[in-house]
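Fold and geometry: a report
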Amino acid sequence: VRSLWIRGLGAPMANPNEHAEGMMGEHAEKEYADFEARVKRTIYIDHLSPVVTRQVIRAALSQCAHVVSVEFVENYTIPYDIPAAALVELDDESQARSAVDLMRDFPFIIGGMPRPVRASLARPEMFPDRPSPPGSKMEFLWLKQGDPEYDGMSKLKSLAKRQEAENMALIKNILEEEKELAAQQQIMLDANYYKYDLLENIVQNGTVKNLAGHYRVNLFDG
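Definitions and limits used
- Residues numbered from 1 in each chain as written.
- Predicted model: local features only at pLDDT ≥ 70, side-chain atom pairs only at ≥ 80, totals over all residues.
- Heavy atoms only, no water.
- Buried < 20%, exposed > 50% of the residue type's maximum accessible area, 1.4 Å probe, protein only.
- Helix = DSSP H or I, 4+ residues; strand = E, 2+ residues; numbered from the N terminus.
- Pairing = 2+ DSSP bridges.
- pLDDT = per-residue confidence, 0-100.
- Phe/Tyr/Trp six-rings, centres within 6.5 Å; stacked < 30°, edge-to-face > 60°.
- Expected span 1.5 Å × (residues − 1).
- Arc of directions from axis to C-beta.
- Axes fitted to C-alpha atoms, helices over the stretch in contact; angles between N-to-C directions.
- Contact = heavy atoms within 4.5 Å.
- Salt bridge = Lys/Arg side-chain N within 4 Å of Asp/Glu carboxyl O.

Under an unreviewed UniProt entry, the name given to the protein is RRM domain-containing protein, and the organism recorded is Aegilops tauschii subsp. strangulata.

This is the structure in structure tokens:
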């Protein structure tokens, strides 16, 4: 039995005689600094409806921030179409903090209906395209039974399997809540449509004018 182990190593010894390596190091540092700045002005929005689009998110956030980009974070590890998450980059860090505060205090309106979304400031590990920190590298090796690190790796695999089972149970619960919320929102939409349709009908068939005449109310007053 073999397992793949990924080990993070520290910064390698610098070699001042390697000019090309130094140039690459400077480029890596600038790239990572730019990435850290992008993280600070990005927010993470979770529990979005699967039908939400980038345009909908831009419109919903337009009252408090200017959206630079929207990247959806898909979960390919489960066979369910669950509410999605998104990384939303804004103009600056202050806008990101304001947007998170706004969504904590007020419902997130999508398509005219409130959604129970969760918002937080983004973290580096949320980005699938994140660069490696300058001076670091990863080492891959296969472990077999009897290796010093094999027992620890086996425990991690068992823990991952248990967490996967717990995650699947949580997702099923989320899907049930999503179904119930959709049913409640549909009832609200149907009730609002019925009221507006009723008002339109009594205006068109003259009922409003008849009532106004009976109660001597001037419809055009004020």
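On we go.
1. Let's talk about the pairing of strand β4 (residues 84–90)
Here β4 lies mainly inside the structure; seven of its seven residues are buried. By the bridge criterion, five bridges tie strand β2 (residues 42–48) to β4 in an arrangement that is antiparallel. Counted as the bridge partner of L48 is A84 from β4. Examined bridge by bridge, strand β3 (residues 67–73) and β4 share six bridges and lie antiparallel to one another. The residue bridging V67 from the neighbouring strand is L90, located in β4.

2. Remarks on the confidence of the model for the protein
The pLDDT averaged across the protein works out to 81; a share of 83% of its residues lies at or above 70. Taking the mean pLDDT of every element in the protein, the minimum, 53, falls on strand β1 (residues 2–9) and the maximum, 93, on β3.

3. Some remarks on the packing of aromatic side chains
All told, the structure shown has two aromatic pairs when counted by the stated rule. A ring pair is formed by Y32 and F35, whose centres lie 5.7 Å apart and whose planes are at 50°; its orientation type is tilted. Of this pair, Y32 and F35 both sit in helix α1 (residues 19–40), separated by three residues, roughly a single helical turn. A relative accessible area of 15% means that Y32 is categorised as buried. With a centroid separation of 5.4 Å and 85° between ring planes, the pair formed by F35 and F127 is classed as edge-to-face.

4. Quick word on helix α3 (residues 93–105)
Look at α3: 19 Å from first C-alpha to last across 13 residues, which is about the 18 Å you get at 1.5 Å a residue. Of the residues making up α3, those classed as buried are Q95, A96, A99, V100 and M103. Take α3 and look down its axis: the buried residues cluster within an arc of 135°, on one side only. Counted as exposed and oriented over 90 degrees from the buried face of α3: R104 and D105.

5. Quick word on the sheet that holds β3
Read from one edge to the other, the open sheet built from four strands follows the order β3-β4-β2-β7, with strand pairing classed as antiparallel. At either margin of the open sheet sits one strand with a lone partner, and together these are β3 and β7 (118–121). Strand-to-strand twist across the sheet, computed as the mean angle between neighbouring axes with direction ignored, equals 20°. Where α3 meets the sheet, it contacts β2, β4 and β7, and its direction lies at approximately 155° from that of β7.

6. A look at the environment of A182
Mapping A182 onto the fold places it in helix α4 (residues 150–204). Counting along the chain gives 133 residues from A182 to S49, while the straight-line C-alpha distance between them is 9.9 Å.

7. Looking at the pattern of salt bridges
Charged atoms that come close allow side chains of opposite charge to pair. Counted under the stated rule, the structure contains eight salt bridges. Note that K30 is salt-bridged to D34, the shortest N-O span being 3.0 Å. Remark: D34 and K30 occur in helix α1; sequence separation between them is four residues, near one turn of the helix. Close ionic contact of D129 with R38 constitutes a salt bridge, the shortest N to O distance being 3.5 Å. Pair noted here: D129 is in the loop between β7 and β8 (137–144) and R38 is in helix α1, with a separation of 91 residues, a long-range link.

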